[in-house]
Number of protein chains: 4
Amino acid sequence: MKILVTGFDPFGGQAINPAFEAVKLLPDSIGGAEIVKVEIPTVFGKCAEKVEQAINQHNPDCVLCVGQAGGRSSITVEKVAINYCDARIADNDGNQPLDCKIKEDGENAYFATLPVKAMVENCRKNGIPANLSFTAGTYVCNDVMYRLLYMTSKKYSHIKGGFIHVPFAVQQVTNYGDGMASWEVSTIAKGLEYAIEAIAHNSEDISVHMGATH
Amino acid sequence: MKILVTGFDPFGGQAINPAFEAVKLLPDSIGGAEIVKVEIPTVFGKCAEKVEQAINQHNPDCVLCVGQAGGRSSITVEKVAINYCDARIADNDGNQPLDCKIKEDGENAYFATLPVKAMVENCRKNGIPANLSFTAGTYVCNDVMYRLLYMTSKKYSHIKGGFIHVPFAVQQVTNYGDGMASWEVSTIAKGLEYAIEAIAHNSEDISVHMGATH
Amino acid sequence: MKILVTGFDPFGGQAINPAFEAVKLLPDSIGGAEIVKVEIPTVFGKCAEKVEQAINQHNPDCVLCVGQAGGRSSITVEKVAINYCDARIADNDGNQPLDCKIKEDGENAYFATLPVKAMVENCRKNGIPANLSFTAGTYVCNDVMYRLLYMTSKKYSHIKGGFIHVPFAVQQVTNYGDGMASWEVSTIAKGLEYAIEAIAHNSEDISVHMGATH
Amino acid sequence: MKILVTGFDPFGGQAINPAFEAVKLLPDSIGGAEIVKVEIPTVFGKCAEKVEQAINQHNPDCVLCVGQAGGRSSITVEKVAINYCDARIADNDGNQPLDCKIKEDGENAYFATLPVKAMVENCRKNGIPANLSFTAGTYVCNDVMYRLLYMTSKKYSHIKGGFIHVPFAVQQVTNYGDGMASWEVSTIAKGLEYAIEAIAHNSEDISVHMGATH
């Protein structure tokens, strides 16, 4: 099995992005799966073009994108991406799309096809706080997750996809008052490793097992 | 114009639900629109049956459901409901659906068809903190919002629908330590009134004006 | 019984200070006690000079100063003021004392001589969230509380004194994201009224009843 | 120079106390100072007896006590301890003192005599979030800090003393929802090391340099 793991470059005036810093620390093999690491730009649309190039180059079985969610205090595995963008600040190319759809012909939302509950559980079992999240926001993180799941649903249906948000790194918040959560990048990397281990061990699409309430 | 406004009954061991307590305080007419108030049960599925009965009885132009989001500190107008439920606690009939879809034949998600941005803005303009939210959770609040938008999309396409989450009432958190947000029910009612005023003045579906980034 | 209640004027670029706005809403008599209301400047030192003038003019039995603690979500009754100031922003006269004592010949700290636990309990009993706090900060709020208790301990030993911090008013945080607590000024005023009622009914110094652990 | 560093044993049903776990990771020498590590019991009064025994045994120049402050997100260096205890839960010997003084003949409060601002700054300079705190609470942490400064002021005036609160360790909060801050114990230990380095390099009492505002 091959797993493509992407991390964004820094944005919003930050010197680093803990997402890619942590991705860089990952081993080259996790739970028997080969790990391919790619940095992607914090730019609406372009982020997903870079993901698709990497898909075509590496032909992975799974794609996990990773981004920073400043203020969150745990590994948060995203359940759903929505067909909506609304940017509070400009991206790294100066784009600031407001109150609009991402894809005219896309679903209103796509659910992650990675085993999100197992990813959360494997972090927790190994001592790393983790939670399932039901909003990836309306910025570039949701954008890349939505576009990834749009493209896998249409063109690469054999590929499972998903997204993880990570806390600030400690060095990003040294001058904040108490109350802003952060982890060392090495802690974030451990969380990603346990989440990816769950992917490697449990790669079937959990959504096919879901029944309805009635 | 007629606007149906629903509020849930108390759940989770609480003596009141600030949602319906606030709904009860609303005037019978807001911004020229007639207001019909209905209490609905905090029960998966049944909540929406009660909404549909009220739709058939009152034939409203818009439906706004209101629920409690303990811990939030402002009026939060929900943008999207997802086809997913996962109940942390049992509902008032003892149901606790876990990790499942709401409707087998439903969309992954539905966007509110009420003018959510105008609703937020009208609260803020009148001094009531309000925000757009991108997750209604995975409990009965998301359930009723999802089922409302499912039924309006399929059977009542002339009706606009949406959902608002409100903070705890002050009397619910008197013994909590500092750090748990709350408002008086009368403040919550003011927020609802400004949000509904925006609906009355701006009832077209904003989603039809949304373009895509590309 | 006569109770002097003070509130600060606005500072830090805010249009109002919810402390004095709430004080203005208080009735002229609470629990049988006469209420005298005075606005004081958000200026180190001068705030307490204004308090002392009002003491000399009105000869109260108790003095309760009230200030804003942006971010807190309940009525917080302060237990202690410390002989220390460190101003994050300049006061309304442009002073910004850093890392210094307030009074060379003062105690390291003074405890409130008002019945702080009864004040908290009476708020809670009447449905208003309240808590005891053990830090009044290092800005003008702590300054006036410290100077009040310094002067009552040295010159006006028959007068009981204390301080209450109150949340932001709703209109101060309308444009903040969800997560910043606030109350309507009328809710804050209710909390102050219940706290003052406890003072009127229970004016003896609770500190004289305190024993030691050993 | 010799610095005695203490950490509490686990309490409140927790399997570990990150305070002593981090203390154990400290090197035996920091900034040229010898480090002596002692575990102390989470018991009112007894905690300080253990500190005094260690003072008599090791004759340190400085004493730094370390405790857990669940919910805080950074190294918080305490400025002040107050003559007051009020225990929300029983300590490890079943004592639960309520609303009482610690020492009948003690000051209302004592300020830390370690260089607290330099300790915060050295953490921040090295990428570890840190803040000055003005309340050590009313439980055993405040108790040991108060008793330490009481005894150093009366019997060991050549010894500087202070207290640091640290966040939860990650393994303590794995099952909490997002929103509860935590660090790995190794991150906490880094913060302690930088704080202690500042003590070693800057051991004079900062309080002697403090002037008054007037």
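Residues numbered from 1 in each chain as written. Chains lettered and ligands numbered in written order. Predicted model: local features only at pLDDT ≥ 70, side-chain atom pairs only at ≥ 80, totals over all residues. Heavy atoms only, no water.

**Overview of the sheet that holds strand E2 (residues 29-30) of chain D**
All names here are of chain D.
Line of reasoning, step 1. Here we have seven strands laid out as an open sheet, ordered E2-E3-E1-E4-E9-E5-E8, and mixed in their pairing. The two strands at the open ends of the sheet, each matched to only one other strand, are E2 and strand E8 (130-133).
Line of reasoning, step 2. As defined by bridge partners, strand E1 (residues 2-8) adjoins strand E3 (residues 33-40) across seven bridges and the pair is classed as parallel. Looking at E3, one finds that Thr-6 is bridged to Val-38.
Line of reasoning, step 3. Against the sheet, helix H2 (residues 46-58) engages E1, E3 and strand E4 (62-68), with an angle of about 145° to E3.
Line of reasoning, step 4. Across the sheet, helix H4 (residues 140-154) lies against E1, E3, E4, strand E5 (75-78) and strand E9 (160-166), angled at about 170° from E9, the strand it touches most. (Pairing = 2+ DSSP bridges. Helix = DSSP H or I, 4+ residues; strand = E, 2+ residues; numbered from the N terminus. Contact = heavy atoms within 4.5 Å. Axes fitted to C-alpha atoms, helices over the stretch in contact; angles between N-to-C directions.)

**Brief notes about the relation of the copies chain D and chain A**
Line of reasoning, step 1. Each copy superposes on the other: chain D lies on chain A with an RMSD of 0.0 Å after a rotation of 180° and an axial shift of 0.0 Å. Such values leave the two copies arranged in the relation of a two-fold axis.
Line of reasoning, step 2. Interface residue correspondence from chain D to chain A reaches 100%, placing this contact among same-surface, isologous pairings. (Least-squares fit on C-alpha atoms with pLDDT ≥ 70 in both.)

**Comments concerning the packing of H2 of chain D against H4 of chain D**
All names here are of chain D.
Line of reasoning, step 1. Viewed as axis vectors pointing N to C, H2 and H4 meet at an angle of 40°, and their least axial separation amounts to 9 Å. Classified by the interaxial angle, the pair formed by H2 and H4 is oblique. Two packed elements cross with a definite hand, and for H2 against H4 that hand is right-handed. Contacts between H2 and H4 involve Cys-47, Ala-48, Val-51, Glu-52 and Ile-55 from the former and Val-140, Asp-143, Val-144, Arg-147, Leu-148 and Met-151 from the latter. (Parallel < 35°, antiparallel > 145°, perpendicular 65-115°, else oblique. Left-handed = near helix turned anticlockwise from the far one by under 90°.)

**A few points about the relation of the copies chain A and chain B**
Line of reasoning, step 1. Its rotation angle being 180°, the transformation that places chain A on chain B also includes 0.0 Å of axial translation and leaves an RMSD of 0.0 Å.
Line of reasoning, step 2. A share of 100% of the interface residues of chain A reappears at the interface of chain B, consistent with the copies meeting face to face through the same patch.

**Some remarks on the sheet that holds strand E8 (residues 130-133) of chain C**
Residues and elements named next belong to chain C.
Line of reasoning, step 1. Across the sheet, seven strands lie side by side as E2-E3-E1-E4-E9-E5-E8; this open sheet has mixed pairing. Lying at the two open borders of the sheet, with one neighbouring strand each, are strand E2 (29-30) and E8.
Line of reasoning, step 2. Taken together, the seven bridges between strand E4 (residues 62-68) and strand E9 (residues 160-166) define a ladder with parallel strand orientation. Counted as the bridge partner of Leu-64 is Gly-162 from E9.
Line of reasoning, step 3. Sitting on the sheet, helix H3 (residues 116-125) is in contact with E4, strand E5 (75-78), E8 and E9, with an inclination near 160° to E8.

**Remarks on the interface of chain A and chain B**
Quite often, the size of an interface is put as the accessible area lost when its parts meet.
Line of reasoning, step 1. In this complex, chain A contributes 31 residues to the contact, which on the side of chain B involves 31 residues.
Line of reasoning, step 2. Across the interface of chain A and chain B, roughly 2,800 Å² is buried in total on both sides, 60% from carbon and sulfur atoms.
Line of reasoning, step 3. Taken together, the links from chain A to chain B amount to two salt bridges.
Line of reasoning, step 4. Between Asp-86 of chain A and Lys-117 of chain B there is a salt bridge whose closest N-O contact spans 2.9 Å.
Line of reasoning, step 5. Our enumeration of links across chain A and chain B arrives at four residue pairs in polar contact (both at pLDDT 80 or more).
Line of reasoning, step 6. Listed by contribution, the elements that provide at least two residues to the side of chain A that touches chain B are strand E6 (80-82) and strand E7 (109-111) of chain A.
Line of reasoning, step 7. When residues of the side of chain A that touches chain B are assigned to their parent elements, the largest contribution, three residues, is made by E7 of chain A. (Buried area = accessible area lost by both parts, 1.4 Å probe. Salt bridge = Lys/Arg side-chain N within 4 Å of Asp/Glu carboxyl O. Polar contact = N/O pair within 3.5 Å; in protein donor to acceptor, adjacent residues only side chain to side chain.)

**A word on the interface of chain D and chain A**
Line of reasoning, step 1. On the side of chain A, 27 residues touch chain D, which itself brings 27 residues to the contact.
Line of reasoning, step 2. For the pair chain D and chain A, the summed buried surface comes to about 1,900 Å²; carbon and sulfur atoms form 43% of the total.
Line of reasoning, step 3. Of all residues in chain D, the largest losses of buried area upon contact with chain A belong to Thr-174, Asp-178 and Glu-184 of chain D, amounting jointly to 30% of the total for that side.
Line of reasoning, step 4. In this assembly, chain D and chain A are joined by two salt bridges.

**Focus: the confidence of the model for chain A**
All names here are of chain A.
Line of reasoning, step 1. Scored by pLDDT, chain A has a mean of 94; 94% of the residues are at 70 or more.
Line of reasoning, step 2. Taken together, the stretch residues 204-214 has pLDDT below 50 and engages in 33 contacts with residues farther than four places along the chain or on a different chain.
Line of reasoning, step 3. Predicted complex metrics record ipTM = 0.93 and pTM = 0.93. (pLDDT = per-residue confidence, 0-100.)

**Some thoughts on the environment of Val-63 of chain A**
Residue and element names in this part refer to chain A.
Line of reasoning, step 1. If you trace the backbone, Val-63 turns up in strand E4 (residues 62-68).
Line of reasoning, step 2. Overall, the relative accessible area of 0% leaves Val-63 in the buried class.
Line of reasoning, step 3. Taking the C-alpha atoms as reference points, Val-63 and Lys-37, 26 residues apart in sequence, are found 10 Å from one another.
Line of reasoning, step 4. Leaving out residues up to four positions away in the same chain, Val-63 has contacts with Leu-4, Val-51, Ile-55, Leu-114, Leu-148, Ile-159, Lys-160, Gly-161 and Gly-162. (Buried < 20%, exposed > 50% of the residue type's maximum accessible area, 1.4 Å probe, protein only.)

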